[in-house]
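Listed below are the residues making up each chain.
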Amino acid sequence: MVSIYYVQSATFLNSPFPSPASGSLRRGASSPQSLRVTASRSSSYDVVVVGGGIIGLTIARQFLTGSDLSVAVVDKAVPCSGATGAGQGYIWMTHKKPGSDIWDLAMRSHHLWHELADSLTDQGLDPQDMLGWKKTGSLLVGKTSQECVALKQKVNELSEGGLRAEYLSSADLFLKEPAILVDDETGAAFLPDDSQLDAHRAVAYIEKGNREFATEGRYAEFYHEPVTGLLRSDGGSKEVTGVQTLKHNLYGKKATIVAAGCWSGSLMHDLLKDSNISVDVPVKPRKGHLLVVENFDSFNLNHGIMEAGYADHQSASAPGVEERMLSISMTATMDTTGNLVLGSSREFVGFDTEADETIIRCIWERAAEFFPTLRDISLEDFIRNRKVRVGLRPYMPDGKPMIGSVPGLQNLYLAAGHEGGGLSMALGTAEMVSDIVLGKPSKVDVSAFQVKGRCPLPPILPHEVHFGKGTIDLGGLEVKQVSISNTTAKRVWRTYEGGRDSMGFSIFEPINLPANFFKIGFYAQPNNQKLFGWILVARDVSGRSLRPPVDYIEVWNTASLDIKQDGHAYFWQPVCLNGYKPVGVIVTTSSQKPPMKKKSISCVRSELTEQSEADTLVWGFKGVSVVNLRPVQRGTQATGVYTGTFSFQQLNSSPLPYLFCLKNTKLNMSSNMPSKAQTRALFKTYSPLIYFHPKEIFLPSSVHWFFANGALLYKKGNESNPIPIQPNGTNLPQGGSNDDLFWLDFPLDKTAKEKVQRGDLRNTKVYLNIKPMFGGTFTDIAVWIFCPFNGNAHLKFLFIKSLSLGQIGEHVGDWEHVTLRISNFNGKLWRVYFSQHSGGTLVDACDLEYVEGGNKPVIYSSLHGHAMFSKPGLVLQGKRKYGIRNDMARSDKWLDCGKGYEVIGGPWGVVEPAWTSYFRKWGPRMGYKIDKSIKSFAKKILPMFVRKRLRNIIRKIPYEIIGEDGPTGPKAKLTWTGDDKYS
């Protein structure tokens, strides 16, 4: 029988998962009663921290030592009972990548931990006694020539990033660590300043320091108290004022911070499940094992050691665990008490914390590949003096913790998702959270960690076809989509005025490009958005696809604009060799011409370009507009490629030289699209959730249900003999055009008609048309939804908030849709199109609302009209303050599009239902007499001159809203093979 103690993650709310037993408290901890700091009668604090792990406790410490605020920490269990207590205590930079999103945060934390250890020394205290601190240095060991080449490059990167780092040959490595097996191909990256500590001692030190503020009434702990709800001012408002536990209401006047480790996602879901707030917190548990051999004396280790494959989660074989995505990588340290600590495993098994003997053996065998002494020792020899640590790391799909305010809720913050780096990044995280709450400038850019818009990617099955490979060959020119972030782009210039929310916009230059890739333009985006978007960079495969410019023309500058800006911006358009075209501009803050070199910006061979035009508006100010560029020709067979570049337009000025987009010359637009299986995975991840208005009585249905419940086919000239439609639509006329010869209508029986009008939400399905876009670099998933009936329209007019327009707006057979635009480079959702009567809007993924815990966009269907919107509320379609009302709100009437759908169009031989080729009307032409309608509903309440004005307004309403002409089906619309219409 193996002697094992479990270090389990703390549980919150009334979780179905077991709480730690009394025997699973951290070593050296006193009983739960002695952990409790008695709170004053007042349950009001400035800050309430949910979570007593290393992140939560260091956040509390930061507020206590860096401000005069009072803090309460609440946890269902006790400190160090989660991932912190189960770890190896690394304060390492060896496996971090300079320039990555977490680099600055890791560096800041690394510095703060060393600063803390130095301060203890200055006080005459021993950091090893207080924190278990050992400045051992770290070794990242490679066993193959390929790994060693990568390690040499890593050493250069780390050195350039400001760290002391050196590469060790096999001989040098043997001198530092004689226990490691070395040969001619072995080498290591060595960081002498890396350290490790004992998590239990470090937490005890921080706890003790926090408790010193209890006598001042500024600190209290509430352990073994599960959080059961959020406290909000005025009940359902968006201002969070604290949390409710089983025993207390703990008010946080300034902030409530959720730092609950791997439980943060499920905790946020439970806290918000009865509210109308959707927050995506995709933190989930990733189980890990460590093997601790106590009093180990077979060999000694002088440093912390990690294999080179650790950063890439190199897998080791373990029978029967493939479905758990198990990976095992060698890590090894000696702790301050002489124990050998070996690791480590990673796997997704939910919240299970049972030790797995198979994994323990894999860890031992993996370590033996590096330390040959272990090959001669049986693991059973240590049966009495080995321990197993099992913990749940808080995993984030994009590898970055969530740190910042929770969108849609005031005074609520999140700090979770550090996975195995919680201990090493704790002090930097605490400082960042404190700065955010107190409104101070942060030492580290917080944008990469903010909560809004952080979504996991779907499983895109990269071994199929060419989808999701990262690059696309356009025919001699390979392009890569570079997501804009602090590590891939440098802000060149910005203005703080004009544009969206009067916040201005910024221009970014792509940096740190992959080898042999070159810029073709710069990127621009509004300042009211998080750093979001992408730009293409290009690699010349043919040897003649790219050329540097021969000159630059200054096409504009901001010197004459009276706005707040970072200096003056100068816009330069490349002058290209004959046979080459410019795709983007270069922007500088100097009036001096940029250098003529390929690295500045490249011109593209003419055959690989197409004409471009203005797309969405980035910024506008006093006659100047900055716009994104898109291909002029767009559709399933169009070859133009969206590049992510921009241009500008100025009123009353000479036309600017043309900028071009790229062109896919390989012609097969579907070759880079997802396979059928990949499309299913994508739609499962991104399928929208549609809310219908609480007052909506005309709901959607499936086409099959509509036909099966009595829908009739009418023919012109034979109106008295309508034909029942077969449930599969096979007796509908095929092909032709919308020539008024046929139309559909409700059954004649009044009861049956009323039933069909109301629809059938329970059995509704949506219909998908999968199509290539932008030269096959994107996939559009058009999600079509059918409503048997559109209700009447309502008008906001003068002093009347909602004036019913009688029968105006009513019609049979309403088709609406949203389109998910997904990158074929990486499977990320870029934009969503919302159809809205005669047009629609395109919304960036970062500006969407999502279902909590995932990537599903939330969509709102307007009352009676079923137009699609990205937000609840009122949208008027008209001029000024008058117009047709589009009312959107949440209700218990909603449709999860991923639960029931049918693919009716696509690139892989989709068998289209017969009804898709019915191109006539799905409802009869409605003959409204506007004058008569106005008299019927407005004569009694409106004077004559007002009725005249009302008549003029109604006549200007688009026919799609009025509903005079019967609607057509999805395939009869231009968007079936073309781009959606948006402004």
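The rules behind the values
Residues numbered from 1 in each chain as written. Predicted model: local features only at pLDDT ≥ 70, side-chain atom pairs only at ≥ 80, totals over all residues. Heavy atoms only, no water. Helix = DSSP H or I, 4+ residues; strand = E, 2+ residues; numbered from the N terminus. Buried < 20%, exposed > 50% of the residue type's maximum accessible area, 1.4 Å probe, protein only. Contact = heavy atoms within 4.5 Å. Areas by Shrake-Rupley, 256 points an atom, 1.4 Å probe, with all protein chains shown as cover. Disulfide = S-S within 2.5 Å. Pairing = 2+ DSSP bridges. Axes fitted to C-alpha atoms, helices over the stretch in contact; angles between N-to-C directions. Expected span 1.5 Å × (residues − 1). Phe/Tyr/Trp six-rings, centres within 6.5 Å; stacked < 30°, edge-to-face > 60°. Parallel < 35°, antiparallel > 145°, perpendicular 65-115°, else oblique. Left-handed = near helix turned anticlockwise from the far one by under 90°. Nonpolar A, V, L, I, M, F, W, Y, C, P; charged D, E, K, R; others polar. pLDDT = per-residue confidence, 0-100. Salt bridge = Lys/Arg side-chain N within 4 Å of Asp/Glu carboxyl O. Polar contact = N/O pair within 3.5 Å; in protein donor to acceptor, adjacent residues only side chain to side chain. Core = buried A, V, L, I, M, F, W, Y, C linked by side-chain atoms within 4.5 Å.

The chain has the name FAD dependent oxidoreductase domain-containing protein in an unreviewed UniProt entry, where Brassica napus is given as its organism.

A. Representation of the overall build of the chain. Of regular secondary structure, the chain possesses 17 helices and 53 strands. Counting only residues that meet the buried cut, the chain has 58% of its 983 residues in that class. For the chain, long-range pairs separated by at least 24 residues make up 71% of all intrachain contacts whose partners lie at least 6 apart in sequence. With the model as given, the accessible surface of the chain reaches about 39900 Å², and the carbon-plus-sulfur share is 49%.

B. Here's a closer look at the state of the cysteines. In this structure the tally under the stated criterion is one disulfide. Linked covalently through their sulfurs, Cys576 and Cys603 form a disulfide whose S-S length is 2.1 Å. Here the S-S torsion is close to -80°, and the disulfide linking Cys576 with Cys603 is therefore left-handed. In this pair, Cys576 is assigned in the loop between strand S28 (570-575) and strand S29 (580-581) and Cys603 in strand S31 (residues 603-605), connecting sequence segments 27 residues apart. Judged by relative accessible area, which is 1%, Cys603 ranks as buried.

C. Local environment of the sheet that holds strand S21 (residues 489-494). Taken in spatial order, the three strands line up as S21-S22-S24 in an open sheet, and their pairing is antiparallel. Unpaired on one side and paired on the other, S21 and strand S24 (523-526) mark the two borders of the sheet. Across the sheet, the mean angle separating the axes of adjacent strands is 30° when strand polarity is ignored. For strand S22 (residues 505-510) and S24, the ladder comprises four bridges, and the chain directions are antiparallel. Within the sheet, the bridge partner assigned to Ser506 lies in S24 and is Gln525.

D. Layout of helix H2 (residues 54-66). In a regular helix each residue adds 1.5 Å, so 13 residues correspond to 18 Å; H2 covers 17 Å between its end C-alpha atoms and thus fits that length. Listed in full, the buried residues belonging to H2 are Ile54, Ile55, Gly56, Leu57, Thr58, Ile59, Ala60, Phe63 and Leu64.

E. Representation of the packing of aromatic side chains in the model. Within the structure shown, the criterion is met by 40 aromatic pairs. Ring centres of Tyr642 and Phe774 lie 5.1 Å apart, and the angle between their planes is 55°; this geometry places the pair in the tilted category. Here Tyr642, found in the loop between strand S34 (640-641) and strand S35 (646-650), pairs with Phe774, found in the loop between strand S41 (766-773) and strand S42 (778-790); they are 132 residues apart in sequence, far enough to count as distant. Assigned by exposure class, Tyr642 and Phe774 land together as buried.

F. Region of the structure containing the packing of H2 against helix H11 (residues 422-438). For the pair H2 and H11, the least separation of the axes is 8 Å and the interaxial angle reads 45°. Judged by the inter-axis angle, H2 sits oblique to H11. In the crossing of H2 with H11, the sense of the turn from one axis to the other is right-handed. Seen from H2, the contacting residues are Ile54, Ile55, Thr58, Ile59, Arg61, Gln62 and Phe63; seen from H11, they are Gly422, Leu423, Ala426, Leu427, Thr429, Ala430, Glu431, Val433, Ser434, Val437 and Leu438. Tallied by class, residues from the contact of H2 with H11 come to 11 nonpolar, five polar and two charged.

G. Representation of the packing of helix H4 (residues 103-122) against H11 within the structure. Interaxial distance between H4 and H11 falls to 7 Å at its minimum, and their mutual angle equals 100°. With respect to each other, H4 and H11 are oriented roughly perpendicular. Across from Leu105, Ala106, Arg108, Ser109, His110, Leu112 and Trp113 in H4, the residues of H11 making contact are Leu423, Ser424, Met425, Ala426, Leu427, Gly428, Thr429, Glu431 and Met432. Class assignment for the residues of the contact of H4 with H11 results in nine nonpolar, five polar and two charged.

H. Spatial organisation of the sheet that holds S28. Read from one edge of the open sheet, three strands run S27-S28-S30, paired in antiparallel fashion. Across the chains shown, the open sheet's two edge strands, defined by having one partner strand only, are strand S27 (551-557) and strand S30 (586-588). Neighbouring strand axes in the sheet, compared pairwise and without regard to direction, differ in orientation by 35° on average. Sheet topology places S27 next to S28; six bridges connect them, and they run antiparallel. What sits directly across from Asn557, in S28, is Tyr570.

I. Inspection of the confidence of the model for the chain at higher detail. In the predicted model, the chain carries a mean pLDDT of 86, and the fraction of residues at 70 or more is 87%. S34 holds the highest mean pLDDT among the elements of the chain, 98, whereas helix H1 (residues 32-35) holds the lowest, 38. Of the regions scoring below 50 in pLDDT, residues 313-324 engages in 26 contacts with residues more than four places distant in sequence or in other chains. Low pLDDT (under 50) marks residues 456-463, which in the prediction has 27 contacts with non-local residues, meaning those over four places away or in another chain.

J. Fine view of the pattern of salt bridges. Counting across every chain of the model gives 40 salt bridges. Residues Asp193 and Arg164 are paired through a salt bridge, measuring 2.7 Å at the closest nitrogen-oxygen approach. Here Asp193 is found in the loop between strand S6 (187-191) and strand S7 (195-196), whereas its partner Arg164 is found in the loop between helix H6 (145-160) and strand S5 (166-168), with 29 residues between them in sequence. Here Arg164 falls in the exposed class, since its relative accessible area comes to 52%. Where Arg890 meets Glu849, a salt bridge forms, and the shortest distance between an N and an O atom there is 2.6 Å. Taken together, the positions of Arg890 in the loop between strand S51 (883-888) and strand S52 (894-896) and Glu849 in the loop between strand S47 (839-844) and strand S48 (858-861) put the pair 41 residues apart, joining distant regions of the chain.

K. Focus on unusual backbone geometry. The amide bond that connects Gly343 to the next residue, Ser344, takes the cis arrangement and shows omega of -10°. Along the polypeptide, Ser344 turns up in strand S15 (residues 340-346).

L. The side chain of Asp780, seen in detail. Considering the arrangement of structural elements, one finds Asp780 in strand S42. Side chain to side chain, Asp780 and Arg821 meet in a polar contact 2.7 Å long. Asp780 has contacts with Asn769, Ile770, Lys771, Met773, Thr819, Leu820 and Arg821, leaving out every residue within four places of it along the chain.

M. Representation of the nonpolar core in the model. In this structure, Ile59, Phe63, Val71, Trp113 and Tyr219 are the most contacted members of the largest nonpolar core, which totals 64 residues. Excluding its chain neighbours within four sequence positions, the residues that come into contact with Phe63 are Val47, Asp68, Leu69, Val71, Arg218, Ile257, Val433, Ser434, Val437 and Leu438. With 52 residues, the next largest nonpolar core counts Phe518, Leu546, Leu662 and Ile781 among its residues.

N. Highlighting the environment of Leu768. With respect to the element layout, Leu768 can be found in strand S41. Here Leu768 falls in the buried class, since its relative accessible area comes to 1%. Leu768 sits 15 residues away from Val783 along the chain, and the two C-alpha atoms are 4.9 Å apart.

O. Structural view of the environment of Lys440. Along the polypeptide, Lys440 turns up in the loop between H11 and strand S19 (471-473). Residue Lys440 is classed as partly exposed on the basis of its relative accessible area of 43%. Contact partners of Lys440, with chain neighbours within four places excluded, come to Gly66 and Asp435.

P. Up close: H11. Between the first and last C-alpha of H11 there are 22 Å, a value that for 17 residues agrees with the 24 Å anticipated at 1.5 Å per step. Counting buried residues along H11, 15 of its 17 residues qualify, which places the element largely inside the surrounding structure. The first or second residue beyond H11 is Gly439, which carries a positive phi of 75°.

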